[in-house]
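# Residue-level structural notes
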Amino acid sequence: MSQNKGRPSALWRRSAPSLYHHISSFKPKFITRMDDVERLHKTITFRSEIIPDKERGLLTTSLLYSQGSDIYEIDCNLPLGSFYKDGKKGKGERIENKKFPDSKDGDAFSEVENKKLSAKWVYSGETVAKMSYLDDSEDSTIIAMSKNGSLAWFRDGIKVPIHIVQEMMGPSTSFAAMHSHVRPDDLAVSDFGLSENLETLVKSQANGSEEDSILKIVDNSGKPGDILRTIHVPGTTVTHTVRFFDNHLFGSCSDDNTIRFWDVRTSAKPVFSLTEPQNGRLTAFDTSQITNELFVTGSSTGVIKLWDVRAVEFATTDLTYRQNGEDPIQNELVSLYHSGGDSVVDVQFSQTSSSEFFTVGNTGNVYHWDMEYFFSKNDDDNEESTNVPVKKTTTSTVPAPEELQGQCLKFFHSGNNNRSTAKFGKKNTVAWHPIIDDLVCTVDDSTLVSVYKPFTLRDFDAFDE
Amino acid sequence: MTKIYKPSSYEHISSLKPRFISRVDSHQDKSITFSNKIVPDKDDSALKTSIIYSQGSDIYEIDCALPMGGSNEPKPENEYGDAFAAVEKKPLSAKWIYSGETVSKMEYLGNSNETTLVAMSKNGSLAWFKDGIKVPVHIVQEMMGPATSFAAMHSHVRPNDLAVSDFGLSFDSETIVKSQASGSAEESILKVIDNAGKPSEILRTIRVPGTTVAHTVRFFDNHLFASCSDDNVLRFWDVRTADKPLFILSDPQNGRLTSFDASTVTNNLFVTGFSTGVVKLWDVRGVENATTDFTNRQNGEEPVQKEIANFYHSGGDSVEDVQFSYTSPYEVVTVGGSGNVYHWDMEYALSNYDEEDTSNLPQDASEDLQTQSLKFVHTGGPRREAKQRGKKNIVSWHPVVDGYIATVDDDSLVSVYKPFTVETEVDEE
């Protein structure tokens, strides 16, 4: 590799071998016997607390891992050297730390490897489909959503939920459709998003009947679990993703390939919307918590698009190139793709960098993107003006797709060897660490939990200096 | 009137009769608030702050220096202080102008925000001002010409009754709710307005049927707010819910409900004032719990909502305005129709209050409660006439410096004062 580091070609980058600053994996063992672990639904996320221990050279953080109705906390000791960012130590030492693109598994889980885990929280009778860690909230520690759209709030030290928003899903309700075996997974799609200040939660769920999905605005400050408002989204069967941009503006992405933008304070009508009928089904979207403006969409055909919400909104009122009555011309900032048409099942913006996000393919692959190259190419005009992104995409300042693809795809995590060809990619099975740069955790169907930090080209450049 | 008031003396009081560069009609409506600027000045042991003062459509910033007292024991001061010494001789020129409107209320947003000040005009329009720009940077204009249905306000039949508007700001300053009369009778309007991403964008309009004016709007946190209407009902809303109040508090006794204010320190306490001079202290949690508590009533009957304690202005001086202190969870000022400013300390009433046990509520106005709670009365000097003076938004707490109050009189006399209150240890002996 060393001979490539001077002038790496785009091709080289795309076929870059997956090198890691660090990677550790383990299969957790449990106190209670688990039957058929492979079939249980699993999700993973990080807690945000980190404890650096210089003496032992360890950085301790913890993972929250759910399996069926049980949620486990798994401690994870990362080698401090791989994560220590600044050059306070001597330069030689820093380079030494950078030098090992670690190809063999690390031992972040050595302490817990042989310990049998017992559930920290249990959401009885439900299957956890998503978890969100509530940073420095006094009331509760995490919010978990079950597959049927119910929500539960958990607090450290109390095994059962302290608040619940229960969706009635018995066989006698209209939700019975979900319990039938006709298309249970298709309808049992739900999601939630939290406002930036964590005070408001919006969750989406199928209505059970066709052609109407439901958004519920739920309080998470004064009275957690209080349902403030219910919004019907007509013409849609499921709304699979809900994300906030700030404390008030949020977007909901439904199966009619439309992202509707709402303000929690307005009445039951979207502020504006974005329809994307091309490129297959929209399957995922995520917003950047750092810029409040960028968002990424992913589609079933493997196409990934980066958007600026200001430009999307501006286009709805801009009648320069269209008649009133025609659809607004909403253009993305840039479009990328998964090679081989690997469909996008999840996308997540980094919580520490405004230019990085990962996408998860249906194959279970995790693609790491860094848009810094794209942003630097577009720096020349004044960024202040809100319509600049629109102009940019209609002119030819965007680099050629191949070049962009090569420059922006930073890393590619192919999961483990023992993956079968079955459908693996799922939502909420990959997560960024909220504080530590570039650290990602994943879980696969065989309960293999991994944490890794990619070793990207940027690190080669740093190594050069 | 024997022993109700403690001796009124001030720890500090300064007054200024502002002079203006341009000739102004001093009979215009005035309102006052503090800015949150404070610059400590160690040499003369004073805090430099400023007062925002509006007169008609003009808004002035008046610098003032509040003595800090240092390590000295606070003592009553009979002389007028010189907080305005620096500006006394200087004619003022308007910092901001809201042309064609009469400013009735101002809210200082501070320097961390995109805009510095929100001002409301008598007809319910809102203007956002920024340091260094004399005209508004954003506006929410209410159409009020003679051709609109609001023309009623311009008629001389009952102009002041209908031209009642107010606004409240959420704690994070990201949302504004304003109230106004709809022009036609039997309906007032609340508008939820963005103050974060797109200031001045109207997010939602809520109609409050059965009311002519909603004279007060206040937030309890970032989302919960209450509007107080002329049907003597406080309606509690969440900016995120649909167009229906979460719960209500109806208080038909004790005359007209004229004002209320929520504590920004506790999130739970609020005070209501009545035209008969009655002042009531409430806990919003108790008010809400009562709406779902059926212990002492049948379903269908009105909920039993009791205040924590009640007080009164002596002589039936009507309550025109109430304001909670920004720095203390206990201190409240009420403004009487006479123009008197009453200072209350709710600590005594709250010490007998247990949120779990509401059986002994309310603590009715007793001589003891009244004496323990009414700390001070500011009568505003000899210039006052007997006619009705008290108004909203002419008295304001300093947002940071404990205990300081700014007031403006009808004759444009601006005062800042800090009351000297006799501590309760005198009574204990």
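For the structure itself, consult the block above.
In this report, the structure presented in the accompanying data block is examined. (Residues numbered from 1 in each chain as written. Chains lettered and ligands numbered in written order. Predicted model: local features only at pLDDT ≥ 70, side-chain atom pairs only at ≥ 80, totals over all residues. Heavy atoms only, no water.)

### Brief notes about the overall build of chain B
Rules: Secondary structure elements are defined from DSSP: runs of H or I of at least 4 residues count as helices, runs of E of at least 2 residues count as strands, and each element is numbered from the N terminus. Residues count as neighbours in contact if any of their non-hydrogen atoms are within 4.5 Å of one another. Areas reported here follow the Shrake-Rupley algorithm with a probe of radius 1.4 Å; residue values treat only the protein chains shown as occluding.
A tally of regular secondary structure across chain B gives 6 helices and 29 strands. Once local pairs closer than 6 in sequence are excluded, the contacts in chain B between residues at least 24 apart make up 57%. In the structure as shown, chain B presents an accessible area of about 18600 Å², 48% of it carried by carbon and sulfur atoms.

### Digging into helix α7 (residues 309-317) of chain A
So the rule is basically this: Accessibility here uses a 1.4 Å probe with only protein chains present; expressed as a share of the type maximum, an area under 20% marks a residue as buried, one over 50% as exposed, and anything in between as partly exposed. The arc under discussion is defined with respect to the helix axis, by the directions toward the C-beta atoms.
The complete set of buried residues in α7(A) reads V309(A), A311(A), V312(A) and A315(A). All buried residues of α7(A) fall inside an arc of 165° around its axis, so they share one side.

### Considerations on the sheet that holds strand β27 (residues 366-370) of chain A
All names here are of chain A. Quick reminder of the rule: A pair of strands is considered paired only if DSSP assigns at least 2 bridges between the two. For every element, the axis is a line fit to its C-alpha atoms; helices are fit only across the contacting stretch, and the angle between N-to-C directions ranges from 0 to 180 degrees.
Read across the open sheet, the 4 strands follow the order β25-β26-β27-β28; overall the sheet is antiparallel. Because the sheet does not close on itself, it has two edges, and the strands there are β25 (344-349) and β28 (409-413). Sheet twist, expressed as the mean angle between neighbouring strand axes with direction ignored, is 20°. Looking at chain direction, β27 and β28 are connected through 4 bridges and run antiparallel. Opposite V366, over in β28, you have H413 as the bridge partner. With respect to the sheet, helix α10 (residues 401-408) is in contact with β27 and β28, its orientation differing from that of β28 by roughly 60°.

### Observations concerning the pattern of salt bridges
Residue and element names in this part refer to chain B. Our working definition: Put simply, a salt bridge is a Lys or Arg side-chain nitrogen that is within 4 Å of an Asp or Glu carboxyl oxygen.
Within the structure shown, the criterion is met by 34 salt bridges over all chains. Residue D29 pairs with K122 through a salt bridge whose shortest N-O separation is 2.8 Å. Note that D29 is positioned in the loop between β1 (9-16) and β2 (30-34) and K122 in the loop between β8 (117-121) and β9 (126-130), a separation of 93 residues in sequence. Judged by its relative accessible area of 25%, K122 falls in the partly exposed class. Of the charged contacts, one joins K95 and D131 as a salt bridge, the two residues approaching to 2.9 Å between their closest N and O atoms. In this pair, K95 is assigned in the loop between β5 (58-67) and β6 (96-97) and D131 in the loop between β9 and β10 (133-140), connecting sequence segments 36 residues apart. Look at K95 and you get partly exposed, because its relative accessible area is 24%.

### Quick look at the pairing of strand β28 (residues 405-408) of chain B
Residue and element names in this part refer to chain B. Burial along β28 is two-sided: I405 and T407 and A406 and V408, pointing in opposite directions, are all buried. Bridge count between strand β27 (residues 395-397) and β28: 3 bridges; the pairing is antiparallel. Each residue of the ladder has a partner; that of V395, found in β28, is T407. Looking at chain direction, β28 and strand β29 (residues 414-420) are connected through 4 bridges and run antiparallel. Residue T407 lies in a different strand from β29, and its bridge partner there is S415. Counting the residues that bridge the hairpin from β28 to β29 gives 5 residues, and of these S412 lies at a positive phi of roughly 70°.

### Here's the deal with the interface of chain B and chain A
Rules: Summed over both partners, the accessible area (1.4 Å probe) lost when two parts come together is defined as the buried area. We define a polar contact as two N or O atoms separated by no more than 3.5 Å, with the added condition that, inside protein, one atom must be a possible hydrogen donor and the other a possible acceptor, whereas residues neighbouring each other in sequence contribute only through side-chain atom pairs.
Residue-level contacts link 16 residues of chain B with 17 residues of chain A. Carbon and sulfur atoms supply 43% of the area that chain B and chain A bury against each other, a total of about 1400 Å² over both sides. When the buried area of chain B at its contact with chain A is split by residue, L203(B), H223(B) and R240(B) rank highest and sum to 41% of it. Inspection of the chain B/chain A interface yields 4 salt bridges. In this structure, R240(B) and D219(A) form a salt bridge, with 2.8 Å as the shortest nitrogen-oxygen distance. Summed over the shared surface of chain B and chain A, the number is 14 residue pairs in polar contact (both at pLDDT 80 or more). Elements represented by at least two residues in the side of chain B that touches chain A include exactly β13 (187-194) and β14 (202-209) of chain B.

### Structural notes on the packing of aromatic side chains
Stated formally: Any two rings among Phe, Tyr and Trp, with Trp reduced to its six-membered ring, count as a pair given centres within 6.5 Å; such a pair is stacked if its planes are under 30 degrees apart, edge-to-face if over 60, and tilted if neither. Charges are assigned to positions over rings by a cutoff of 6 Å between ring centre and Lys NZ or Arg CZ, combined with an angular limit of 35 degrees from the ring normal.
Tallied over the entire structure, the rule returns 38 aromatic pairs over all chains. Between F261(A) and F295(A), the ring centres sit 5.7 Å apart and the planes meet at 65°, which makes this aromatic pair edge-to-face. Taken together, the positions of F261(A) in strand β19 (residues 258-263) and F295(A) in strand β22 (residues 294-299) put the pair 34 residues apart, joining distant regions of the chain. The pair formed by F261(A) and F295(A) is uniform in burial state, with each residue classed as buried. Between F225(B) and W237(B) the ring centres are 6.4 Å apart and the planes differ by 15°, which places this aromatic pair in the stacked class. Taken together, the residues F225(B) in strand β16 (residues 224-229) and W237(B) in strand β17 (residues 233-238) connect sequence positions 12 residues apart. Its relative accessible area of 1% is what places F225(B) among the buried residues. Members of the aromatic cluster, joined through ring pairs, are F245(A), F261(A), F272(A), F285(A), F295(A) and W307(A). Taking NZ or CZ as reference, K130(A) lies 4.8 Å from the ring centre of F192(A), over its face. Over the aromatic face of W96(B) sits the side chain of K95(B), whose NZ or CZ is 4.8 Å from the ring centroid.

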